[in-house]
Every structure is written in C-alpha cells, then in structure tokens.
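The primary structure of each chain is shown beneath.
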Amino acid sequence: MSLDAHMPIGLFDSGIGGLTVLHALRRRLPQEDLIYLGDTARLPYGTKGRETIIRYSQRATQKLVDSGIKMLVIACNTATSAALPTLREQFAPLPVMGVVEPGAAAAVAASRNKRIVITATEATIAGGAYQEAIRRRCPDATVIGRACTLFVSLAEEGWTDGPIAEGVAARYLRDVFADGPEKPDTLLLGCTHFPLFTNALRHVVGPDVHIVDSAATTAQAVETELQRLGLLGEPGRRGVSRFLVTDNIARFMRSGGYFLGEELHRNDVTLVDL
Ligand code: DGL
C-alpha cells in the first residue's frame, strides 16, 4: 500500500452522524479531499454486538481502501470503540484514527472536579473504551456512562430542540446531574449524533457543566498525524468531499443536512454495496 499526500482522507460512519466529524475536518483542513462512507444499510451500529460491529467496520474500511486513501478516520464512536485495534492491525501501514482518544482528551482537559459523564450508544458504553481512555489519562477520575439510545432516532428526525428533546435528555441525565457536591462538571458527548442536542442538554445539566465532543479534537489529532507522516495536502488548495452510502440516498441527503449544517448535492453522493 503506498500512501501519498495527494490522496483523500477516508472516513466512515454507521450512517449520517459522522458528518459532524467531516464538518470539523473540513474546517480544520480545507485543503484535503475527503471520501465519506455512510453505512446506512446497517445503521444503527450502536445496538449491535461487538463482533458484528467489527465485521461491518472491516467491510466499510476495505471499500475505502480499494478507492485509495492516505488515512482512515473512524467517524463513529461505536465503531471506534469496537473495531479500532482490529482495523489498525488488518490495514497496516494505513494510519487509522478514531474519535475516542481525542474525545477522552477533551473531557479530561475540561474537567476540574474529575467527575465526568459519558453519553453514548449502548455498545459504546458497554465496550468501555471511553472509560478506559479517560482513566488512563486521569486515574482518579470518576467516570459515569449513560447509554442515550433514543437520541439517535430523534437526531435523524431533526427533533433536537424543544420539549421532546429536553424531556428525553432529562429522563436520561437529570439524576446524575442533580445539584450537590458530587455533581459532575463535564458531559462528554460520545456519539456522533449528540452534539445536535447541546441546547437541550444544557437545560438539564445547568450552565456550569462543560459539554464536550470529539469532532474538533479529532480534526486536530488528524492534522498532527498527517503532519508527522508528511502526508498533509498542499496548503491553499480547496479540497472536495465525496459521499458513498449503502442505502437510501434521499434519506441520507435529507437527514445529512442537519448534521453537516449545509445541503448535500446529489452529484456528490453514490450508492455502493459492501
Ligand atoms: N455513529 C454512531 C456513534 O457515534 C451512532 C449511530 C449508531 O448507533 O450507529 O456511536
């Protein structure tokens, strides 16, 4: 496998959520070409078992590798938690980056009282990768994991603000953020969909809690790694993004707009099989 600075960065996610990571990459590295695979045929990954998530992630990565990429970014928390070591080993020497380490670093940097709550899918919480990554950086941290499964469907429906989103957020998190000396000071959004709920979550956790996600810190980590490997794209050029999806282009384009914060163009999206 030969890696070259002119090649695109490949990203994959279980569907549309990873577009929040793509968005952060575009802002940080506008010169890079990006190729994004959304495995919409198999979404959600977050309620699947570990072996299944690894198998899906291997297929998605193979597709991107076949199209020629210089780095893989696993733009999905669930897939990063389950499959990162397997993908690194199987696709070496391709550099493979995930969202968990940058997210954990952001949470530890933000927290003062070292009481951190992670919200994520069931599979991410059960896998324990975030808990482990936070404790490695801060052994005396108290880490509380909460699976917030319903947020995934609500985000894809575009219901991210207002009484329904706030009610769901309260149901999942009100008890853990009750006022008192034990109140955590940091909420880590360990799922691609959850940054869309920042306003609703703010109502529940209060004004003093840091709400952090991994998209911006992942983009920063990608830049550092590309620089280290001598694979950064030529500065000043304007990169392009292409999208591959495994099912339902119309839905990907509709819901994807919420995540990307801009419209997707039909000509940039291709249906593929894995
Ligand atoms: N992309 C997934 C994540 O970040 C959320 C959606 C899913 O469950 O597949 O964990």
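Everything below is about the structure printed above this text.
Every value quoted in this text rests on a predicted model; they were computed, and no experiment measured them.

Undergrad: Provide a residue-level description of the overall build of the protein chain, including the pertinent values.
TA: Broken down by element type, the protein chain carries eleven helices and ten strands. Against the 2.2 N^0.38 benchmark of 19 Å for 274 residues, the protein chain shows a C-alpha radius of gyration of 18 Å, consistent with a compact globule. Judged by the C-alpha coordinates and their principal axes, the protein chain covers about 55 × 40 × 40 Å. Here the protein chain holds 274 residues, and 56% of them are scored as buried.

Undergrad: Give a detailed account of the site of the ligand, specifying residues and quantitative values.
TA: Among the 13 residues in the neighbourhood of the ligand, the closest are listed as D13, S14, Y45, G46 and T78. Contacts to the ligand include T78, whose side-chain N or O atom sits 2.5 Å from an oxygen atom. Taking 300 Å² as the accessible area of the ligand by itself, protein coverage stands at 99%. Of the residues that constitute the shell around the ligand, the class distribution is five nonpolar, seven polar and one charged.

Undergrad: I'd like a description of the side chain of N77, backed by residues and values.
TA: Mapping N77 onto the fold places it in helix α3 (residues 77–91). Given the relative accessible area of 4%, N77 is considered buried. One polar contact links N77 to Y130, side chain to side chain, over a distance of 2.6 Å. Setting aside residues no more than four positions away along its own chain, N77 makes contact with V99, V100, T124, Y130, G190, C191, T192 and S214.

Undergrad: Could you give me a rundown of the sheet that holds strand β1 (residues 9–13), with the residues and numbers involved?
TA: Pairing is parallel in the open sheet, where six strands are placed in the order β4-β3-β1-β2-β9-β10. At either margin of the open sheet sits one strand with a lone partner, and together these are β4 (96–97) and β10 (269–271).

Undergrad: Can you break down the packing of aromatic side chains residue by residue, with the values?
TA: This structure, assessed with the given rule, holds seven aromatic pairs. Where F151 meets Y172, the ring centres are 5.7 Å apart and the plane angle is 70°; that geometry is what we call edge-to-face. With a gap of 21 residues between them, F151 in helix α7 (residues 150–157) and Y172 in helix α8 (residues 162–173) connect regions that are remote in the sequence. Seen from their ring centres, F243 and F252 are 6.1 Å apart, and the 55° between their planes marks the pair as tilted. Overall, the relative accessible area of 1% leaves F252 in the buried class. Linked through ring pairs, F151, Y172, F194 and F197 together constitute an aromatic cluster. Across from the ring centre of Y56, 5.5 Å away, lies the NZ or CZ of R42, which sits over that ring.

Undergrad: A description of the sheet that holds strand β8 (residues 210–213) should follow, citing residues and the corresponding values.
TA: Strand order across the open sheet formed by four strands is β6-β5-β7-β8, with parallel pairing between neighbours. Because the sheet does not close on itself, it has two edges, and the strands there are β6 (142–147) and β8. If you compare each strand with its neighbour and ignore which way they point, the axes differ by 25° on average. Both strand β5 (residues 115–120) and strand β7 (residues 186–189) contribute to a ladder of four bridges, which runs parallel. Across the sheet, the residue bridging to T119 is L189, located in β7. Contacting β5, β6 and β7, helix α6 (residues 129–137) crosses the sheet at an angle of about 155° to β5.

Calculation notes
- Residue positions are given per chain, counting from 1 as you read along its sequence in written order.
- Whole-chain, interface and lining totals are the exception, using all residues; otherwise, since this is a predicted model, local features are given only for residues with pLDDT of at least 70 and side-chain atom pairs are given and counted only at 80 or more.
- Excluded from the side-chain calculation are hydrogens and water; included are all heavy atoms of the structure.
- Starting at the N terminus, helices and strands are each numbered in turn, a helix being any DSSP run of H or I of at least four residues and a strand any DSSP run of E of at least two.
- This radius of gyration counts C-alpha atoms alone. The globule rule is 2.2 Å times how many residues there are, raised to the power 0.38.
- Burial status follows relative accessibility: with a 1.4 Å probe on protein chains alone, a residue under 20% of its type maximum counts as buried, one over 50% as exposed, and anything between as partly exposed.
- To be near a molecule or strand, a residue needs just one of its heavy atoms within 4 Å of it.
- We define a polar contact as two N or O atoms separated by no more than 3.5 Å, with the added condition that, inside protein, one atom must be a possible hydrogen donor and the other a possible acceptor, whereas residues neighbouring each other in sequence contribute only through side-chain atom pairs.
- To measure how exposed things are, a 1.4 Å probe is used in the Shrake-Rupley method; for residues, cover is taken only from the protein chains shown.
- Classification convention: Asp, Glu, Lys, Arg as charged; Ala, Val, Leu, Ile, Met, Phe, Trp, Tyr, Cys, Pro as nonpolar; all other residues, Gly among them, as polar.
- Throughout, a residue-residue contact means that at least one pair of heavy atoms, one from each residue, lies within 4.5 Å.
- By this definition, two strands are paired if DSSP reports at least two bridges between them.
- Geometry of aromatic contacts follows a simple scheme: Phe, Tyr and Trp rings, the Trp one being its six-membered ring, pair when their centres are within 6.5 Å, and the pair is stacked under 30 degrees between planes, edge-to-face over 60, tilted otherwise.
- Geometrically, a lysine NZ or arginine CZ counts as sitting over a ring once it is within 6 Å of the ring centre and also within 35 degrees of the ring normal.
- Every axis corresponds to a line fitted to the C-alpha atoms, with the helix fit spanning only the stretch in contact, and the corresponding angles, defined between N-to-C directions, vary from 0 to 180 degrees.

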